[in-house]
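Spelled out, the chains give:
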Amino acid sequence: MTIRSATAQWQGTILEGAGTIRTGKGGLEGAYSFKSRFEEGEGTNPEELIGAALAGCFSMALAKGLGDAGFPATSVDTTAKVHLDKVEGAPTVTRIDLETAVVAAGIDEAEFLKIADVTKQNCPISRLLSPGAEITLTASLG
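Here's what I pulled together on the structure shown here.

## Comments concerning the sheet that holds strand E6 (residues 134-141)
- Pairing within the open sheet is mixed, and its three strands lie in the order E4-E5-E6. Here the strands that pair on one side only, and so sit at the sheet edges, are strand E4 (73-87) and E6. Neighbour-to-neighbour, the strand axes of the sheet open up by a mean angle of 15°, direction not taken into account.
- In terms of strand pairing, E4 meets strand E5 (residues 90-104) through 14 bridges, oriented antiparallel. Opposite lysine 86, over in E5, you have proline 91 as the bridge partner.
- The strands touched by helix H2 (residues 46-68) within the sheet are E4, E5 and E6, with E4 carrying the most contacts at an inclination of about 145°.
- Sitting on the sheet, helix H3 (residues 109-122) is in contact with E5 and E6, with an inclination near 150° to E6.

## Some details on the pairing of strand E3 (residues 29-33)
- Pairing analysis gives five bridges linking strand E2 (residues 18-23) to E3, with the strands arranged antiparallel. The residue bridging glycine 19 from the neighbouring strand is tyrosine 32, located in E3.
- Between the antiparallel neighbours E2 and E3 lie five residues, among them glycine 26 with a positive phi of about 80°.

## Focus: the pattern of salt bridges
- If you walk through the whole model with that rule in mind, you get five salt bridges.
- Salt-bridge contacts for glutamate 99 lead to lysine 81; the nearest nitrogen and oxygen are separated by 3.3 Å. Of the two residues, glutamate 99 sits in strand E5 while lysine 81 sits in strand E4, which places them 18 residues apart along the sequence.
- Judged by relative accessible area, which is 42%, lysine 81 ranks as partly exposed.
- Between arginine 95 and aspartate 97 there is a salt bridge, with its nearest N and O atoms 2.8 Å apart.

## Let's talk about the environment of valine 102
- Position of valine 102 among the secondary structure elements: in strand E5.
- Note on valine 102: relative accessible area 2%, which makes it buried.
- Residues contacting valine 102, with those up to four places away along its chain left out, are Leu62, Leu66, Ala73, Ser75, Val76, Phe112, Ser140, Leu141 and Gly142.

## Things to note about the environment of methionine 60
- Mapped onto the fold, methionine 60 is located in helix H2.
- Linking methionine 60 and alanine 105, residues 45 residues apart in sequence, is a C-alpha distance of 17 Å.

## Remarks on the sheet that holds E3
- The three strands lie next to each other as E1-E2-E3, forming an open sheet whose pairing is antiparallel. Two strands lie at the open edges of the sheet, namely strand E1 (6-11) and E3, each paired on one side alone. Pairwise comparison of adjacent strand axes, ignoring direction, gives a mean angle of 20° for this sheet.

## Looking at the packing of aromatic side chains
- By the definition in use, this model includes two aromatic pairs.
- Here phenylalanine 34 and phenylalanine 38 contribute two aromatic rings whose centre-to-centre distance is 5.0 Å and whose plane-to-plane angle is 45°, an arrangement assigned as tilted. Note that phenylalanine 34 and phenylalanine 38 are positioned in helix H1 (residues 34-38) at a spacing of four residues, about one turn of the helix.
- For phenylalanine 34, a relative accessible area of 22% translates into the label partly exposed.
- On the basis of relative accessibility, which here comes to 37%, the residue phenylalanine 38 falls in the partly exposed class.

Rules used throughout
- Residues numbered from 1 in each chain as written.
- Predicted model: local features only at pLDDT ≥ 70, side-chain atom pairs only at ≥ 80, totals over all residues.
- Heavy atoms only, no water.
- Pairing = 2+ DSSP bridges.
- Helix = DSSP H or I, 4+ residues; strand = E, 2+ residues; numbered from the N terminus.
- Axes fitted to C-alpha atoms, helices over the stretch in contact; angles between N-to-C directions.
- Contact = heavy atoms within 4.5 Å.
- Salt bridge = Lys/Arg side-chain N within 4 Å of Asp/Glu carboxyl O.
- Buried < 20%, exposed > 50% of the residue type's maximum accessible area, 1.4 Å probe, protein only.
- Phe/Tyr/Trp six-rings, centres within 6.5 Å; stacked < 30°, edge-to-face > 60°.

Listed below in C-alpha cells is the structure:
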C-alpha cells in the first residue's frame, strides 16, 4: 500500500510561536499558531486538517458507493466540523459532525441514507478516527 507524508515546522514558544504545515506532495500548505488552533486567529490547525481529511475521504468513498450501486453522483459536498473539547483537562477531539449534500439521480432516500451510513463507517479515515471520536452524519439528497 502507499505511504503518505506531511511535515510540520514550529518556531518559538507555544503562545508566541508559529509554524507551517505541509502535505508531502505540496498540495496543501498553511501557517498555524496557538491563536489559529485555540482561539480565532488566522491560519489553519491540525483539527481543520483532520476535518479536511475525513471530508475528502468520505466524499470520494460515497461517490464510489453510489456509483457501485448504479447511482453515480453528479456532486458530493461534505463539511466536517471537528469538536475540540477538554477531557480530563486535556484538549481532545471528541466528535466530528459530517454534513453532506449529494446530487444523484434515480436513488430513493432510504437507499441513499443506507449507502451514506455504510460509507461513514468504512472510509479509511473514519475507521482511523471513530474508535476515539464519535462521528455523526447528516446527509441530504438533492
